[in-house]
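# Architecture at a glance
For reference, the chains in residue letters:
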Amino acid sequence: MLRGFIAILLLGLLWTAPGQAQPLSRAIQCSPPVPRDEPWRVGSGFMMMEDVARHLNTSAPSLPLRPVRQTSKAVPTLEITVARPPWLTPLEWRNAFFEAVIYPDGISPVDLRESHLQRGTVLPPSPDDDATTVSALFPAIDRGWWPSSWQVVLFLCLDPTQADASPLRASGRELRVYARQPLFVSTLRLSTTAGLLTVLAAYLTLAFAASRIHARQYEHSRRLLGAGAPGAFAYALRPTVIAQDSFGFCSLSRFQVLLFTLVLAGVYAYVMGRTGEMPNLSTSVLTLLGVTLTGSTLARLTEGSVMHTANRLWLLGTGVLDPTPRLPRWTDLVESDGEIDVTRVQALLFSLFAAIALVVSGTGDLENFTLPDQLITLIGISQAVYVAGRALPRDSAKRLNEEIATIRSAEARALAEADDAAARKEFETARNAIASSLRDVFGERFCERRLRGLQPGDRVPPPVEA
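Presented here is a report on the structure given in the accompanying data block. (Residues numbered from 1 in each chain as written. Predicted model: local features only at pLDDT ≥ 70, side-chain atom pairs only at ≥ 80, totals over all residues. Heavy atoms only, no water.)

## As for the pairing of strand β5 (residues 97–104)
Within β5, six of the eight residues are buried, which leaves the element mostly enclosed by the surrounding structure. Examined bridge by bridge, β5 and strand β9 (residues 148–158) share eight bridges and lie antiparallel to one another. What sits directly across from valine 101, in β9, is valine 153. Of the strand pairs in this sheet, β5 and strand β6 (residues 118–119) are connected by two bridges, and their pairing is antiparallel. (Buried < 20%, exposed > 50% of the residue type's maximum accessible area, 1.4 Å probe, protein only. Helix = DSSP H or I, 4+ residues; strand = E, 2+ residues; numbered from the N terminus. Pairing = 2+ DSSP bridges.)

Below, the structure written as structure tokens:
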């Protein structure tokens, strides 16, 4: 009976001999393997997932590891900062190789199986003498909507120094130690939704406030459009309504502030939802916000009526200027004095370029987001030229003020000398000459029919609100 037991034992050993082993699958490739007809050298080995699971089931982590964090990149990327073990020299540390795997949290370390593990793609690190930050990509863990909990394992591999390399070697590097740490991973869908909802909530809040502030303007638009007029809230959803100034013009500087505020709020919410941390803002983002806010503030300081108060009152009193609120338009962003302002076009275009860059690149790394210095300088120059253009007296407004002063003087003389034909002729000449200037400055608010029939002393009663 003893002989039979020995025979069975020998058959079992022969069955498990290396030559009879079945090939394993799902290997962690540390580097391209060397062809079989060439001698073994560094780079010829690889580690099987089954070996990894077996090693994790039978050993304990001993590598010092700092908290693992998820980056905001679209592909799930983990940043793992690991400190150099004291028994490792700085030279060996710089030549170390890392591999990373991940498995769902809640699985006991002694019950790990090959099917539980997912290999990460480790990007080439840039180590220093004391610590190394490793970035590992795990595309397969971003599934569904809700966050998930995982265990992250980082392996430290070194070149074998002994003749008989360890069976746990990978690409000629011997597995020495590893670290394990739990991590809560957010999903791309949830983070993107958080960013979009933040932008939507902020915009709807501004639209609601605009619907209250510009109620009189909306009533005027409803009278103009009739049955086809949108609701008050739908009217206030237009960016031109939110970004208009006190005179009913869509302000370019306010539109820029609105654009960058909404874009930055959405990107910030996305990054915070993706990483679970409040991100820092890069110098480029702060500079961009500073330039636009400064431009908007200076533009508000130069904001004011193009007309002298006495002249404006005369236009409203005679009915030549429509007292109803002006409706903002998209063309206000690029129009000035009835013509296209190239400085406005330049400022608008480069602001759009910067906002698009912030969405495309800032979502991946908001803290290190950078804009070319030339682009920031160009936006700053455009803002300066835009503000300077608003501060300088406009030729059309200056000419219109002079013409209104002339017609007011002619009207006063015609009233004082009612029988003087020359005085009346002077008034009619000034009245006919002012039409083109009023049309350039006030556009659709200019009542040309009223001007043609205007007589000295004519005034209209004040409007009565419905």
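## Some thoughts on the pattern of salt bridges
Close approach of charged atoms allows side chains with opposite charge to pair. Following the criterion strictly, the structure yields 17 salt bridges and no others. With a closest N to O distance of 2.6 Å, arginine 222 and glutamate 219 form a salt bridge. With arginine 222 and glutamate 219 both in helix α5 (residues 215–225), this residue pair falls three residues apart, about one helical turn. With a closest N to O distance of 2.7 Å, glutamate 426 and arginine 413 form a salt bridge. Placement of glutamate 426 in helix α14 (residues 421–433) and of arginine 413 in helix α13 (residues 395–416) is noted, with a sequence separation of 13 residues between them. Among the residues examined, glutamate 426 registers a relative accessible area of 32% and is labelled partly exposed. Given a relative accessible area of 34%, arginine 413 falls into the partly exposed group. Several salt bridges share partner residues, and in doing so they unite Arg326, Arg329, Asp332 and Glu335 into one network. (Salt bridge = Lys/Arg side-chain N within 4 Å of Asp/Glu carboxyl O.)

## Re the sheet that holds strand β3 (residues 69–70)
Spatial strand order, β3-β4-β8-β7: four strands in an open sheet with antiparallel pairing. Of all strands in the sheet, those bounded by a partner on one side alone are β3 and β7 (121–122). As defined by bridge partners, β7 adjoins strand β8 (residues 131–137) across two bridges and the pair is classed as antiparallel. Residue pairing across strands places threonine 121 opposite leucine 137, the latter belonging to β8.

## Remarks on the environment of serine 191
Structurally, serine 191 is set in helix α4 (residues 188–213). We classify serine 191 as buried; its relative accessible area is 1%. In the structure, serine 191 is positioned 79 residues away from tyrosine 270 in sequence and 4.9 Å away in space, judged by C-alpha atoms. Among all residues touching serine 191, those that are not within four sequence positions of it are Ser186, Tyr270, Gly273 and Arg274. (Contact = heavy atoms within 4.5 Å.)

## Digging into the nonpolar core
The nonpolar side chains of a soluble globular protein tend to be buried, and buried together. Core analysis: the largest hydrophobic core is formed by 24 residues, its most contacted members being Leu78, Phe98, Ile102, Phe138, Leu154 and Leu156. Elements supplying a minimum of two residues to this core: β4 (77–83), β5, β8, β9 and β11 (173–185). Here the element with the most residues in this core is β9; it accounts for five residues. Within the second largest apolar cluster, 19 residues are counted, among which are Val267, Val271, Leu358 and Leu375. (Core = buried A, V, L, I, M, F, W, Y, C linked by side-chain atoms within 4.5 Å.)

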